[in-house]
Amino acid sequence: MTGPSGDGPGGARGSSQRGPARPQPGDGLSPGQAAEIHEALDAERAETLARITALRHEFDGIVDSTALVATDDEHDPEGATIAFERAQLAALLEAAQDHLGDLDEALARLREGRYGTCENCGRPIGAGRLAARPAARTCIACASRQR
Ligand SMILES: [Zn+2]
């Protein structure tokens, strides 16, 4: 253990005093804002999960009643309605699962400090759009261009 010479004033290691001590969660996002976004994403995620569970339940119910109907009468006009309902539920389920994926990705971006940046053009996504759609992956310009 060789000790320091001790001839300096002792301030040698603080050469970069302006460096931020903690990592910033994203461009212009304060830790408070990041926490708020995290909360909004978490809440929407829980909602989406509940919706998926409910839709699956409903879907299974329709499948069950179809089995009963099928043994009863092939020409049952209910069949078409049931097929339509099932297709609708399947589409809703798919959309909800897509949305869940978007929310997971938004949470990951938030963790990595990339939240609020358009995936397509790299520009910041407007605050208003993010408030309405916390899981938005693209800015409004790119979203309207894509469809
Ligand atoms: Zn964009």
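First, a word on scope: everything that follows refers to the structure included in this document.

So, how was this worked out
- Residues numbered from 1 in each chain as written.
- Predicted model: local features only at pLDDT ≥ 70, side-chain atom pairs only at ≥ 80, totals over all residues.
- Heavy atoms only, no water.
- Helix = DSSP H or I, 4+ residues; strand = E, 2+ residues; numbered from the N terminus.
- Buried < 20%, exposed > 50% of the residue type's maximum accessible area, 1.4 Å probe, protein only.
- Contact = heavy atoms within 4.5 Å.
- Core = buried A, V, L, I, M, F, W, Y, C linked by side-chain atoms within 4.5 Å.
- Domains from an automatic or database assignment.
- Donors = N, O, S within 2.8 Å, 3.2 Å for Na, K, Ca; no water.
- Tetrahedral: all angles 85-135°; square planar, octahedral: opposite > 155°, others 65-115°.
- Salt bridge = Lys/Arg side-chain N within 4 Å of Asp/Glu carboxyl O.
- Lys, Arg positive; Asp, Glu negative; His and termini not counted.
- Polar contact = N/O pair within 3.5 Å; in protein donor to acceptor, adjacent residues only side chain to side chain.

Attention shifts here to the overall build of the protein. Regarding its fold elements, the protein presents four helices and zero strands. In sequence order, the secondary structure elements of the protein are arranged as α-α-α-α. When each of the 147 residues of the protein is scored for burial, the buried share is 25%. Taking the contacts inside the protein whose residues are at least 6 apart along the sequence as the reference set, 56% of them involve residues at least 24 apart.

Let us look at the nonpolar core. Within soluble globular proteins, side chains that are nonpolar tend to cluster in buried spots. If you look at the biggest cluster of nonpolar residues, it comprises 16 residues, and the most contacted ones within it are I37, L41, L110 and Y115. At four residues, the largest contribution of residues to this core is made by helix α2 (residues 78-112). The two domains that each donate at least three residues to this core are domain 1 (31-115) and domain 2 (116-147). Apart from residues lying up to four places away in sequence, L41 is in contact with L103, A106, L107, L110, Y115, P134 and A135. I52, L55, L93 and A96 belong to the second largest nonpolar core, which has eight residues in total.

Glancing now at the coordination of the zinc ion. Only C118 (SG), C121 (SG), C139 (SG) and C142 (SG) from the protein reach the zinc ion as donors, at distances of 2.3 Å. Classification of the site at the zinc ion as tetrahedral follows from its four donor atoms and the range of 104 to 116° in their angles at the metal. Taken in sequence order, the residues that donate to the zinc ion follow the motif C-x2-C-x17-C-x2-C. Look at C118 and you get buried, because its relative accessible area is 4%. For C121, a relative accessible area of 34% puts it in the partly exposed group.

Here we take up the pattern of salt bridges. Applying the stated criterion across every chain, the model contains six salt bridges. For E119, the salt bridge identified is with R109, shortest N-O distance 3.5 Å. Here E119, found in the loop between α2 and α3 (127-132), pairs with R109, found in helix α2; they are 10 residues apart in sequence, far enough to count as distant. Here R114 ties to E112 by a salt bridge, and the two come within 2.5 Å at their closest N and O atoms. Residue R114 is classed as partly exposed on the basis of its relative accessible area of 43%.

Tracing the sequence through the fold places A143 in helix α4 (residues 140-146). Expressed as a C-alpha distance, the spacing of A143 and C118, which sit 25 residues apart in the sequence, is 9.5 Å. The residues contacting A143, other than those within four sequence positions of it, are R129 and T138.

It is worth spelling out the side chain of R129 at this point. Along the chain, the position of R129 falls in helix α3. With no salt bridge to any partner, buried R129 finds its closest opposite charge in D102, at an N-O distance of 8.7 Å. For R129, the side chain forms a polar contact with the main-chain oxygen of T138, separated by 2.8 Å.

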